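What follows is the residue order along each chain.
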Amino acid sequence: MKKLLITLLFGGFLLGFSNFTYAQEDYSGLNVFVKFGDESAASAHYEIPIAKNFTISPAVAFSFDFDYIAIGGRADYYFDSLLNINEPWDIWAGVDTGFVIGNEKDDVKDYYDDFELNLHAGVEYKFNETWGIIAEIGGGGNFGVFGTFGVGIHF
């Protein structure tokens, strides 16, 4: 399973870094979040457009008390053209997955070398071509339901 996930992520990143340009709107950018919910954390991911309205992203997250670090990826589908939504708004949904590496704990939550799979949906309002504010909600795996707020930085 690990080999399949790594192969798919690596293949997607190679495709993302190629010269293909599919999206009518540029969804690439660095997104930085603060996550609230069952476990508070900070996270970041860089979106790479690979098809019309579709992006993949390498992602990293860590808890504020440094109990764990999560490394993985995510895939998002943008509903802007389907819902006829124009700039400055973006709406998406997707899945994120990765490996959680952390200290073994004695309490209910155990983050010691765990695999995580979550679903999420989000919205972004872009102030200009570079900056936007993002809200996202999601859930799954050990982390339960979560909400995030963050900034989008578009290059």
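Residues numbered from 1 in each chain as written. Predicted model: local features only at pLDDT ≥ 70, side-chain atom pairs only at ≥ 80, totals over all residues. Heavy atoms only, no water.

A closer look at the pairing of strand β4 (residues 68-78)
Burial analysis of β4 places 8 of its 11 residues in the buried class, which makes it a mostly covered element. The pairing of strand β3 (residues 54-63) with β4 spans 9 bridges and is antiparallel. Across the sheet, residue Val-60 finds its bridge partner in β4, namely Ile-71. Once β3 ends, the chain turns through 4 residues before running back antiparallel as β4, passing Phe-66 with a positive phi of about 55°. Pairing geometry for β4 and strand β5 (residues 89-102), over 11 bridges, is antiparallel. Its bridge partner lying in β5, Ile-71 is registered against Phe-99. (Buried < 20%, exposed > 50% of the residue type's maximum accessible area, 1.4 Å probe, protein only. Helix = DSSP H or I, 4+ residues; strand = E, 2+ residues; numbered from the N terminus. Pairing = 2+ DSSP bridges.)

So, empty space enclosed by the protein
To find the voids left in a structure, one rolls a probe of water-molecule size over its atoms. Under the definition given, this model contains 1 cavity of 30 Å³ or more. Considered as a void within the structure, the largest cavity measures approximately 370 Å³ in volume. Those elements that provide at least two residues to the lining of the largest cavity are β1 (29-37), β2 (41-51), β3, β4, β5, β6 (114-126) and β8 (145-153). Class assignment of the residues belonging to the lining of the largest cavity gives a composition of 12 nonpolar, 9 polar and 5 charged. (1 Å grid on protein atoms, 1.4 Å probe; cavity = no way out; pocket = protein on both sides within 12 Å on 5 of 7 lines; lining within 4 Å. Points joined across faces, edges and corners; volume = space filled by probe spheres on them. Nonpolar A, V, L, I, M, F, W, Y, C, P; charged D, E, K, R; others polar.)

Quick look at the side chain of Asp-90
Among the secondary structure elements, Asp-90 is positioned in strand β5. Since its relative accessible area comes to 1%, Asp-90 is described here as buried. At 3.0 Å, the side chain of Asp-90 and the side chain of Lys-126 are in polar contact. (Polar contact = N/O pair within 3.5 Å; in protein donor to acceptor, adjacent residues only side chain to side chain.)

Quick word on unusual backbone geometry
Glu-87 connects to Pro-88 through a cis peptide bond whose omega is 15°. By secondary structure assignment, the location of Pro-88 is in the loop between β4 and β5. Phi at Asn-53 takes a positive value of approximately 65°, unusual for a residue other than glycine. With respect to the helices, strands and loops of the structure, Asn-53 is situated in the loop between β2 and β3. Notably, Asn-84 is not glycine yet its phi reads approximately 60°, a positive angle. Looking at the element boundaries, Asn-84 is found in the loop between β4 and β5. The class for Asn-84 is exposed, based on a relative accessible area of 64%.

Observations concerning the packing of aromatic side chains
Within this structure, the stated rule accounts for 6 aromatic pairs. Relative to Phe-79, the ring of Tyr-77 lies with its centre 5.0 Å away and its plane at 80°, an arrangement referred to as edge-to-face. Summarising the aromatic geometry, the rings of Tyr-125 and Phe-127 are spaced 5.5 Å apart at their centres and angled 80° between planes, so their arrangement reads as edge-to-face. Among the residues examined, Phe-127 registers a relative accessible area of 56% and is labelled exposed. Among the aromatic residues, those joined into a cluster by ring pairs are Tyr-27, Tyr-78 and Trp-92. (Phe/Tyr/Trp six-rings, centres within 6.5 Å; stacked < 30°, edge-to-face > 60°.)

Examining the confidence of the model for the protein
When the pLDDT values of the protein are averaged, the result is 80; 73% of them are 70 or greater. Note that pLDDT drops below 50 for residues 13-24; the model gives that stretch 19 contacts with residues more than four away or on any other chain. (pLDDT = per-residue confidence, 0-100. Contact = heavy atoms within 4.5 Å.)

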